[in-house]
Amino acid sequence: MNLTTRDRSGDDIPSLAWFSQVIGPGRGLEPLIDSLHRIRTRFEIHLRGNCSKSYAQELLARAPTQWRNLIHFHSQVPHRELLPRLAEHDAAYAGELPYCRNRDLTVTNKILQYLLAGIPVMASDTSGHCEVSAAAGGAVRVFAAGNEASLAGLLESRMTDHEWLRRSREEALDSAL
């Protein structure tokens, strides 16, 4: 990778990114952290946004002990820095929960930013994400929203598939443009 890295530790371990203005409850992070109990393959998780110290501690407490040093919290960056920061990572997470019709149908800016950054996305199977997945080729893979086993299976298979990660970077950018 020829990118300047500012967030991740290096290229020796895969890296998964997530961002929002706020890192907090009900944003699909709990299923992500809970899925780690089922995953043997190690990768870094980078969460970007404003996060209270108590919620960061709550998320880390949910994670298996061996994962806690692989979960990184980053503050927000100016918009012009977001795409380069996202592009450092191998894949991204869009785990929106369809708790109402609006959250099921709409697409957040998150999934579109990931594709513009040229990184493949692990996305919950909301109607909006499924529509983006159909248009993005192999760059967006879906899992059952809120289902830790479904998410764990997807992460386990894709975060270890270096060929898919490489190929999907190209597909992500192509689909965004």
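Refer to the structure presented above.
Residues numbered from 1 in each chain as written. Predicted model: local features only at pLDDT ≥ 70, side-chain atom pairs only at ≥ 80, totals over all residues. Heavy atoms only, no water.

A. Spatial organisation of the pairing of strand β2 (residues 44-51). For β2, the buried fraction is high: six of the eight residues fall into the buried class. Looking at chain direction, strand β1 (residues 15-23) and β2 are connected through seven bridges and run parallel. Within β2, the position partnered with Val 22 by the bridge is Asn 50. At this point the chain moves from β1, through helix α1 (residues 29-35), to the parallel β2, and the crossover so formed is right-handed. Direction of pairing for β2 relative to strand β3 (residues 71-74): parallel, over a ladder of four bridges. Looking at the pairing, Leu 47 lines up with Phe 73 of β3. What joins β2 to β3 is helix α2 (residues 53-62), and the crossover it makes is right-handed. (Buried < 20%, exposed > 50% of the residue type's maximum accessible area, 1.4 Å probe, protein only. Helix = DSSP H or I, 4+ residues; strand = E, 2+ residues; numbered from the N terminus. Pairing = 2+ DSSP bridges. Right-handed = clockwise from strand over helix to strand, strands pointing away.)

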